[in-house]
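Reading the structure
This is what each chain is made of:
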Protein chains: 6
Amino acid sequence: MSRIDGRTPQQLRPVTIERGWSKHAEGSVLVSFGDTKVLCNASVTEGVPRWRKGSGEGWVTAEYAMLPRATNTRGDRESVKGRIGGRTHEISRLIGRSLRAVIDYKALGENTVVLDCDVLQADGGTRTAAITGAYVALADAVAWAQARKLIKANRKPLTGTVSAVSVGIVDGTPLLDLRYEEDVRADTDMNVVCTGDGRFVEVQGTAEAEPFARDELNTLLDLATAGCTELAELQRKALDATLER
Amino acid sequence: MSRIDGRTPQQLRPVTIERGWSKHAEGSVLVSFGDTKVLCNASVTEGVPRWRKGSGEGWVTAEYAMLPRATNTRGDRESVKGRIGGRTHEISRLIGRSLRAVIDYKALGENTVVLDCDVLQADGGTRTAAITGAYVALADAVAWAQARKLIKANRKPLTGTVSAVSVGIVDGTPLLDLRYEEDVRADTDMNVVCTGDGRFVEVQGTAEAEPFARDELNTLLDLATAGCTELAELQRKALDATLER
Amino acid sequence: MSRIDGRTPQQLRPVTIERGWSKHAEGSVLVSFGDTKVLCNASVTEGVPRWRKGSGEGWVTAEYAMLPRATNTRGDRESVKGRIGGRTHEISRLIGRSLRAVIDYKALGENTVVLDCDVLQADGGTRTAAITGAYVALADAVAWAQARKLIKANRKPLTGTVSAVSVGIVDGTPLLDLRYEEDVRADTDMNVVCTGDGRFVEVQGTAEAEPFARDELNTLLDLATAGCTELAELQRKALDATLER
Amino acid sequence: MSRIDGRTPQQLRPVTIERGWSKHAEGSVLVSFGDTKVLCNASVTEGVPRWRKGSGEGWVTAEYAMLPRATNTRGDRESVKGRIGGRTHEISRLIGRSLRAVIDYKALGENTVVLDCDVLQADGGTRTAAITGAYVALADAVAWAQARKLIKANRKPLTGTVSAVSVGIVDGTPLLDLRYEEDVRADTDMNVVCTGDGRFVEVQGTAEAEPFARDELNTLLDLATAGCTELAELQRKALDATLER
Amino acid sequence: MSRIDGRTPQQLRPVTIERGWSKHAEGSVLVSFGDTKVLCNASVTEGVPRWRKGSGEGWVTAEYAMLPRATNTRGDRESVKGRIGGRTHEISRLIGRSLRAVIDYKALGENTVVLDCDVLQADGGTRTAAITGAYVALADAVAWAQARKLIKANRKPLTGTVSAVSVGIVDGTPLLDLRYEEDVRADTDMNVVCTGDGRFVEVQGTAEAEPFARDELNTLLDLATAGCTELAELQRKALDATLER
Amino acid sequence: MSRIDGRTPQQLRPVTIERGWSKHAEGSVLVSFGDTKVLCNASVTEGVPRWRKGSGEGWVTAEYAMLPRATNTRGDRESVKGRIGGRTHEISRLIGRSLRAVIDYKALGENTVVLDCDVLQADGGTRTAAITGAYVALADAVAWAQARKLIKANRKPLTGTVSAVSVGIVDGTPLLDLRYEEDVRADTDMNVVCTGDGRFVEVQGTAEAEPFARDELNTLLDLATAGCTELAELQRKALDATLER
């Protein structure tokens, strides 16, 4: 089977990770997975939420949103509707958990990092692109905080790296990194978040139409693990470059 | 390792499935997994949401909520706060997707079933108890609709059965069906939704502290699959009894 | 006239008061007036709302709600609608006022008791069942707080008992404790809250169709007073039993 | 006992009923009970809410609100808070029910009258002033609708008149029409809504501090009935004048 | 061209400024520009919003609203809708900014004045009437605060006076102080806020249909400046009278 | 006086207008005024809001928003707060009115264009950049609709062009196109919206500290008019290029 854009089933879309996109944020990354573009801004503030005060530990959280016309047809703004939808909540929580999995709260000290992941253009895989880009923005924000002595120089708040990718079974074929047209046709759809050393942070598999068997699950996990390894390498390369502020 | 309540790692808590709990609902089940008690009411209405009208297909959806004092400390009511939290949204969506995985929309016809899953008492595993109980309430509601000719007699809206269980790794030991005290201490926490024939509808694994490796994932999936099989058997038994209306 | 369920006009429905229903709450009562079932949970917290701090006085408040399928047709959740309806507000306030009428704030000390009254199944008289059950939950919560020395042993925060019942005129006949079918047919509908010594805490009479005369009001008050006396006796008996925690 | 403003216990405050206050509303009354001033505007629209369409019957409803500085200290606007408080809900519902008690829906035809009762200045008894004034505005609105043939000439949508007054026991003395300073000191507080022929539409008595006995209730009802009779006479006089439009 | 009400193009409607309208507010003015009537209540509280604490400076803010039936057809209450509309926000902010332009925060000390401008009846120019009346209420509130020593006797919190008027081009003719019927027909509509010494605080001109040229803008500004001068004189006269409290 | 970035008082910041930024929107422009970057997406839908149906006329509206970290310190999301702020409302309305000033509704036919203006990075003048960019996106959307025959080929829905710029007086010097640092120090701040032929659509001048005199207003209008003329030329050039879809 040949994919819409000519990729092999095991192939990621072209991925770009542009650091320092916004001049205001302490970490700012425009990440693209093909036509999916997400702006990930990391904001550092001294102090932590009230329930954590005095613990000596920091906090990391995330908010995900889509611009109204990020998608093919315009969606109503959640600010105008006056409430946040379930999908938005769910993805914001997923991004936050994924990043916290590689954070040493003690080393972070009583500082908070908020990751804003705003989808400027959507073509499938917005949550996995967001996690992958947000990790890089977080790394820049941590470096910024260390340069300003908010975090002690000898501390390592990041215990690893984290990236994410979607996989799914379309017409019986397991595919990596689904575009929107593939996603809507998938029988099974899975988002996998891995650390750079190949372990899992999140595995979320959903049978869209037909329940899936154990061996299908295994094939998808193989595919996702390989994809995440590739993304981790791209993150490493992006972070190797010097960021001018 | 011996568990708080003396269970073996592979053992479910005592499960009860009480049908016909409320006199009003078309399907009404009080399900308990140990001290976790969830009232699952299925409401049948003729017609479907606007976006589905004229399709000849039905719809199944779910709403999950907790009573304020279902937990050890009182939580604020979401009706009083004026907004539904992310966790509530997430679980409501999970229950809905899980049940729709065994529904033949065509056979259901243009009818809607809403599953209200209200947690009366919580002790871990509320979402998995909710799915397991809601399936039975759904089955009763479908039978009610067929008795009243809302659904044609020769149609089979249910294409299978569905049940769910939580698994997790606590102090290095994989455990089935976690109580609250176990859940908060788990390194990895997974909710698995299976069909009666052993396939997966949802697999949601989260590293609470330490990322998990592929073989840990495999052990947890084995445990969950066995647990779901047991639950499917309990559902079958409960449904075998005659329900007086 | 014979009533739907064969009762005499002066007869209460079968009333049950089940203490210790939930394991978490400091006071937990499942009360039933016939098919009306209300779960009344009392939560004790040290401290009082900000406007009462430093007064040395406690506070008691209540929240009433209905499960969506407590009634014959499903109602939308107030949490989903994002706002609490007028009826819910009104009944929550009534329950709170009724309980506060028998509270000595000084004796309670700076502690707060919140009564959650959740209607699991409705068949008329949900607010009167809620008040009657909530009083018993409150008594258990006060005893719990005294056992834990939150309240001094020699203090008596409860200055009396309180119970409530509905009365109404249906087809010209004054009836006690209306079921739903009776309630919708009533010309006049009254809720009466009494103390154990036969005085009034609240009298709320409403002409649903035809205005009512003074002598009709008197007949209804006689009926209600007798009903409340009977309920006070049932509360006393329920509280005489030993509650295992 | 002499009252703050020199009234006898059985005496109303000076009452004024000014018709045609606003040029826009179909019925517009500025009512004052002493320093309590409420603007009651009746708006007539053809048609009824969806649930009543095709019934041939009309609808009457009311909304009550207070200007932020109607009271001694400024209250936050409910529009700014984004939610309506329980007290507002409760009073709006009371006014609506009271007026509907004297409406013949069939005679009204499929027309809706909304009564907006906005408290411009508060000094106790705002709900009873609102009901008393709203009745007059409603009568003007009905007359307007009949003049414009929205209601047939030979129909009588108003089946009687309705007025309301507060009563209470202050320092052991039963008093009619309480001012704010009296209201806050009252042990028992009752709002009574009567028809012009002396029957009851609503009786709402609340023990603010001490429960009240049956004979106290009787004394208060006597006081309230006499007060309502006087108010009905004032309404009649106000309506006897010709209203220029 | 002759105007609907016989005014010349340069003529204001009859303006009345009634001080001391409400007994509760520290400054209370009922202002009318023809049939437009706005109740402006100024509330003084000691202290300032959190972001200003310790600055030694005060704060002045405003909230504008319309009664539902202030207009020809009834509008829904913003409290019922649960959100404030853009127009309300915009006008509230305009009134606040206009008054702050003549406030010396240091002289005011750490006190807050809130101006509530509630439109009781609308016939065009509600925001300009509100500003003109609110200034007078603010002056009375400042005097009240000085009499009570909240503000030091030798301080002058008011650095000038402020008034406002609308102007517009209707059928090619520039008109002062538009009534509603004129406003809806205007091609260009401008609201101008001036200080008593003839300078501008706000100039807000909007092309409703046709863009406007520089010379039209100049003509409108001339008209508005003259109107504001007249209003400043009326404010001065109103404040010259002694206010009994 | 030399400006922070070396500009003369009469000089615009570097302006870029990038068409076709998003692949989904019918018109998509990324506009920058120096470091202010606004993404303007125009969405075309057939049909109009209910109140306009059957009129044969179209509708154009706009929504403005800021990403949380578009500014120097992170702002809370309005979707999370559950309500839109006054500033957002005000600017959305301004953009909508400005664009409607150059629209012939009849020629547009019963089509709706929504302009979403999302500020990705803010450095002063976000509303004026948004109007300037949104006009270009609107022009592209109209061309798209004509190519698809939603609008008849011989119709001209755009009756002119529209652009906007801010001006202000900083330390006594009138400046064009203020950066954020200039804006916060300005005594007077004005936003001016002009058509391509030099007439005014909106003039909004605000005295931030000191009221401004007529001659200052005139100087600012001269400056703004020249700035808008330059922007109109840049819009024309941008639109002259061929847009590949």
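Structure's up top.
Quick summary incoming for the structure in this document. Since the structure is predicted, the reported quantities are computational estimates derived from the model, not experimental observations.

A short note on the overall build of chain A
Looking only at helices and strands, one finds six helices and nine strands in chain A. A compact globule built from 245 residues should have a C-alpha radius of gyration of about 18 Å, and chain A, at 18 Å, falls within 12% of that. Once the C-alpha set of chain A is aligned to its principal axes, its extents read approximately 55 × 40 × 35 Å. Across the 245 residues that make up chain A, the buried fraction comes to 59%. Sequence separation of at least 24 residues holds for 70% of the intrachain contacts in chain A that already meet a minimum separation of 6. Carbon and sulfur atoms form 48% of the exposed surface of chain A, whose accessible area is close to 9500 Å². Here chain A holds 32 positive side-chain charges and 34 negative ones, and the gap between their average locations is 8 Å.

Digging into the sheet that holds strand β3 (residues 36–46) of chain E
Residues and elements named next belong to chain E. One open sheet holds the five strands; their spatial order is β1-β2-β3-β5-β4, and the pairing between them is mixed. Looking at strand neighbours, the two that pair on one side only are β1 (15–19) and β4 (59–66), the edges of this open sheet. In this sheet, adjacent strand axes meet at a mean angle of 15° when their direction is disregarded. Sheet topology places β1 next to strand β2 (residues 27–33); five bridges connect them, and they run antiparallel. Considered in β2, the bridge of Thr16 is made with Ser32.

Observations regarding helix α2 (residues 86–100) of chain D
With 15 residues, α2(D) extends 21 Å from end C-alpha to end C-alpha; this agrees with the ideal 21 Å at 1.5 Å per step. The buried fraction of α2(D) is high, at 13 of 15 residues.

What to know about the interface of chain F and chain A
Listed per partner, the contact involves 36 residues of chain F and 36 residues of chain A. Here chain F and chain A share an interface that buries about 3000 Å² over both sides, 49% of which is from carbon and sulfur atoms. Contact with chain A buries surface across chain F, with F:His24, F:Arg69 and F:Arg77 losing the most and accounting together for 23% of the total. Run the count over chain F and chain A and you get 16 salt bridges.

Here we look at the relation of the copies chain F and chain A
Superposition record for chain F on chain A: RMSD 0.0 Å, screw rotation 180°, translation along axis 0.0 Å. Here the transformation between the copies is reduced to the relation of a two-fold axis. For chain F, the smallest separation between a C-alpha atom and the rotation axis is recorded for F:Ser79, amounting to 1.9 Å. Comparing contact sets, 100% of the residues at the interface of chain F also lie at the interface in chain A, consistent with an isologous, same-surface contact.

What to know about the pattern of salt bridges
The final tally for this structure, using the stated rule, is 156 salt bridges over all chains. Residue B:Asp222 is joined to A:Arg214 by a salt bridge in which the shortest nitrogen-to-oxygen separation is 3.0 Å. Placement of B:Asp222 in helix α6 (residues 214–240) and of A:Arg214 in helix α6 (residues 214–240) is noted, with the two residues assigned to different chains. Here F:Arg7 ties to F:Glu182 by a salt bridge, and the two come within 3.7 Å at their closest N and O atoms. One end of the pair, F:Arg7, is in the segment before β1 (15–19); the other, F:Glu182, is in helix α5 (residues 180–185), and 175 residues separate them in sequence.

Notes on the sheet that holds strand β8 (residues 188–195) of chain E
Strands belonging to one sheet form pairs held by backbone hydrogen bonds; the direction of such a pair is parallel or antiparallel. Read from one edge to the other, the open sheet built from eight strands follows the order β7(E)-β6(E)-β8(E)-β9(E)-β9(F)-β8(F)-β6(F)-β7(F), with strand pairing classed as antiparallel. Edge positions in the open sheet fall to β7 (173–176) of chain E together with β7 (173–176) of chain F, since each of these has one partner strand only. Across the sheet, the mean angle separating the axes of adjacent strands is 15° when strand polarity is ignored. Bridging between strand β6 (residues 162–170) of chain E and β7(E) involves four bridges; their strand directions are antiparallel.

Rules used throughout
- Numbers given for residues are sequential positions, taken from 1 along each chain in its written order.
- Here every chain gets a letter starting at A, and every ligand a number starting at 1, in the order they are written.
- Reporting of local features is limited, given that this is a predicted model, to residues whose pLDDT is at least 70; pairs of side-chain atoms are given and counted only at 80 or more, and all residues count toward the totals for whole chains, interfaces and linings.
- As a convention, hydrogens and water are excluded, and side-chain values are obtained from all of the structure's heavy atoms.
- Strands here mean DSSP runs of E at least two residues long; helices mean DSSP runs of H or I at least four residues long; both are numbered from the N terminus.
- Between the two quantities, the radius of gyration covers C-alpha atoms and the globule rule is 2.2 Å times the number of residues to the power 0.38.
- Relative accessibility thresholds used throughout: buried, under 20% of the residue-type maximum; exposed, over 50%; partly exposed, between the two (1.4 Å probe, protein chains only).
- Every residue pair with non-hydrogen atoms within 4.5 Å of one another is taken to be in contact.
- Accessible areas in this description were obtained via Shrake-Rupley with a 1.4 Å probe; residue shielding takes into account the shown protein chains only.
- Charge counting treats Lys and Arg as positive and Asp and Glu as negative, with His and both chain ends excluded.
- Taken as the charge location is NZ of Lys, CZ of Arg, CG of Asp or CD of Glu.
- Strand pairing is assigned whenever DSSP detects at least two bridges linking the two strands.
- Structural elements are reduced to axes, namely lines fitted to C-alpha atoms, with helices fitted over the stretch in contact, and the angle between N-to-C directions of any two is expressed from 0 to 180 degrees.
- Take the residue count of a helix, subtract one, and multiply by 1.5 Å to get its expected span.
- Once two parts are brought into contact, the accessible area they lose, counted with a 1.4 Å probe and summed over both, makes up the buried area.
- Put simply, a salt bridge is a Lys or Arg side-chain nitrogen that is within 4 Å of an Asp or Glu carboxyl oxygen.
- Least-squares fitting of one copy onto the other uses the C-alpha atoms of those residues that reach a pLDDT of at least 70 in both copies.

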